[in-house]
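Each chain, letter by letter, is given below.
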Amino acid sequence: MPLIPKEHLDEVHDELIKARREHHRRLLVILSDDDSRLVTAALDFLYELRDFVGEDPILYTYHAFYSDGGMRRELFARGVPKDLNIEYVSYHQLDVILGRTYSLCIADLLNNLEPNDLGRLMGVVRGGGLYILLLPSQQRIFETITRFQSNLIVPGYTPDQLKRYFTQRLLKKLYEHNGIAIYDADNRYFLRKFSQEKTSDYTSREIIIPEKTRIPLKVYKLALTQDQVEVLKRFEFLYAKSLKKQVLVLTADRGRGKSSVVGIGLGWLVHRLRRAKGKCKVVVTSPSETNVQEVFRFADRVLRLYNHPVELTHSENRIVGISGKGIDISYVPPLEALKSRGDVLVVDEAAAIPVTMLFKFLERYDKIVFSTTIHGYEGAGRGFSVRFLTRLRARNDVEVIEYEMDEPIRYAKQDPIEEWIFDTLLLDAEPAQLTDEDIKAINETNLLYQVPDEKKLFLENEDELRQFVGIYIMAHYRNNPNDLGIMMEAPHHFTRIVKTPSGKVVVSLELAIEGPLGPDLSRESAKGAWLMGNIIPDRIIKHYKIVDFGELKGIRIVRIATHPQVMRRGLGSFALKHIEEEARRGGYDWIGAGFGVTEELLRFWVKNGFIPVHLSPERNPISGEYTVIVIKPLSEKAERIVNVIAREFKEKLLDTLPSPYYDLEPPVALLLLESTPNPDPPINLPLLKKARFLMYAWGDMTVENSMDVLGYLTKHYFKVSKRPELTLFQKLLLISKVLQAKSWRATLDDLQSNMSQITAELKEIAKIFSAAFLGVNSPEEAEKFYFLRLDDVL
């Protein structure tokens, strides 16, 4: 006998009939504190909806790491009809479902309620289909510690300090949006029924294939929407010959078939280039190889349409390459793509890659496809247009074709479940438009630094929250729903806002309290243990072994972002000044930050009194940047520690610029060296080395014969407070050629110079060093060192 009354089953059944007519989706939330009852309720609804499912696959997601999650999966598997096609996928393996479509998805969310998981799942069900979310009762959900939440309880905090604002927001939004019902399985009644709105039948848009086209009908027939047809038409542009670089830019909300149509167009383009040139190589890059699976699948499909005998290369069940006679399509991480060559470069989820790297791609490749999600769990709002496309369009050496896809593939427009997930996760949040009055107030620094009431910010002041999050989406290239979840749940994270007098958000700040660790945790960190939520103390203690730092309490600036309309007007510095004042009043010892280092970003932090103390030994494979940690000490003890470790950092950097920092940009290296304290060591140069160097400085000896001494004196130059005057060009030359030990060719590339100039400048530097550090000011003075006796050097 079913647990769920027949009239309740009928309500969901009837609602899905309406959903199928609209080609929209529905969401049913089932609540229960009894595992058996929860699973039985899900099975009852499933039995009722068998006629909607047919032979389509059904997705069941759960947490395999939890025994009760596995137990519920087994209960479900034992009760499910044998003729239904069920795919069981643990959340940590969700990448395998990218590109798949289901008529029904059952998501067990009892062990974890992770924003990223919701973002991934909410695109896999087709129009007319249903999501069933399994959750504990509304009371118990605020007593449960999920996997996501447990990772936010860092040393010094307890579970009862979790803020739980994301959980509250999720429940609140479930009650606000259409297309959603909430069912209490313990008491067998609807807490919320589906809204009784009028529905209109869905009419699919007619697909019109162009008459005159290079792409044949058999390829166009793979397109499922007119948007995809329009994209394919634009792929023809990449085949045409041009004296300029050719760039196709595709943007779309999630679920518009962007990756699949890129694969279709790429397959055709590779076929044509292979036929014209005899071979074609394509480099495909993205922050993750999982993002490009549809690109590979559809490219393979098109190549097989043309009877190319291609083979797929896999890595951990993911396609990473397509190869055949004269055909090579390979996935590589973004950093490796900068070192590769190809006829075509495809950059998927381009908004998740730094703008500097996107422009480096442009220098290396002549034909590029940039595609990116605008709104979605991997999206970037309109920030991609602000940060990248505006500058790209201004280039005279590039032909740019742009297209924004709007039509969903799996369901009709205005789908209520898409609207719910966008709203809940703030995927479409954008900053407020600033008026002339706002700009005037900003120019006059007439601003308010606000300590928000976070409950009101996250749960009540929706407009302000959307402005707050929208600035992050515009300003940062890496955003995902988990960032929102951390802000709303983590007890040690807090927010600050800078607003105009009219109440518009112009700076968004996310901060985290780190430390004190106490002696035991500090010792564990020094031995190599990883400490959650204490990034700066952990790195400092691990790399410098000064466990005293674990006694200090600081604030890490997790993210600081300025409204894109008013960047570079001192707003970030205004915010940092107020954070420092607040931290001093609160008795904190330091404030700090960690970020992917660029000259512009580092200059901002250094200008505001922050000192570099650590640089990651490897570049991030996605962003291509080294991560730097900067600290501003506030207490006397913090100042003493930071002074010691910053000096050590400078010494280490000077010695490691040849490796691993051979490819660190010289302007960044220079700024790091000039913003760290100077140990002011004495000159300790043996007479033979001194004589040899003077022969180079004032005589005819080549620099290669005295590079060791020039290296010693260069390091000395960067260690002392009283330095001789050098030009910026000369400083960068010392870093590139002497400290990083680059080849002449690499140095010429770094400095955009010629051989005669850099050799002349090196000789001039040698004379300056000779006078400043060795007291030798002329060839005549130097000549005294050319005729040494054995007794002089013994």
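The structure we're discussing is the one just above.
On a predicted model such as this, the values are computed, not experimentally measured, just so you know. (Residues numbered from 1 in each chain as written. Predicted model: local features only at pLDDT ≥ 70, side-chain atom pairs only at ≥ 80, totals over all residues. Heavy atoms only, no water.)

So, about the packing of aromatic side chains. Inspection of the entire model under this criterion finds 21 aromatic pairs. Linked through ring pairs, Tyr 60, Tyr 62, Phe 76 and Tyr 88 together constitute an aromatic cluster. Seen from the ring of Trp 744, Lys 737 lies directly overhead, with NZ or CZ sitting 4.1 Å from the centre. (Phe/Tyr/Trp six-rings, centres within 6.5 Å; stacked < 30°, edge-to-face > 60°. Lys NZ or Arg CZ within 6 Å of the ring centre and 35° of its normal.)

This paragraph deals with the nonpolar core. Core analysis: the largest hydrophobic core is formed by 102 residues, its most contacted members being Leu 615, Leu 664, Phe 693, Leu 762 and Phe 769. Core analysis: the next-biggest nonpolar cluster, separate from the first, contains 52 residues, Tyr 102, Ile 421, Ala 429 and Ile 471 among them. (Core = buried A, V, L, I, M, F, W, Y, C linked by side-chain atoms within 4.5 Å. Buried < 20%, exposed > 50% of the residue type's maximum accessible area, 1.4 Å probe, protein only.)

Our next topic: the sheet that holds strand β15 (residues 398–405). The strands that make up a sheet pair up through hydrogen bonds in the backbone, lying either parallel or antiparallel. In space, the eight strands of this open sheet follow the order β10-β11-β12-β9-β13-β14-β8-β15, with mixed pairing throughout. Each end of this open sheet is capped by a strand with a single partner; those strands are β10 (311–315) and β15. For this sheet, the mean inter-axis angle between neighbouring strands, taken without regard to orientation, is 15°. Taken together, the five bridges between β10 and strand β11 (residues 318–324) define a ladder with antiparallel strand orientation. Paired with Glu 311 across the strands is Ser 323, a residue of β11. (Pairing = 2+ DSSP bridges. Helix = DSSP H or I, 4+ residues; strand = E, 2+ residues; numbered from the N terminus. Axes fitted to C-alpha atoms, helices over the stretch in contact; angles between N-to-C directions.)

Let's shift gears to the side chain of Arg 192. By secondary structure assignment, the location of Arg 192 is in strand β7 (residues 189–192). Separated by 3.4 Å, the side chain of Arg 192 and the backbone oxygen of Ile 180 make a polar contact. Once residues lying within four places of it in the same chain are set aside, the contact partners of Arg 192 are Leu 174, Tyr 175, Glu 176, His 177, Asn 178, Ile 180, Ala 181 and Ile 182. (Polar contact = N/O pair within 3.5 Å; in protein donor to acceptor, adjacent residues only side chain to side chain. Contact = heavy atoms within 4.5 Å.)

Take the side chain of Thr 747 next. Considering the arrangement of structural elements, one finds Thr 747 in helix α29 (residues 744–751). Taking relative accessible area as the criterion, Thr 747 reaches 0% and is therefore assigned buried. One polar contact links the side chain of Thr 747 to the main-chain carbonyl oxygen of Ser 743, over a distance of 2.9 Å. Ignoring any residue separated from it by four or fewer positions in sequence, one finds Thr 747 in contact with Leu 733, Ser 736, Lys 737, Lys 742 and Ile 758.

In short, shape yes, function no, at least from these values alone.
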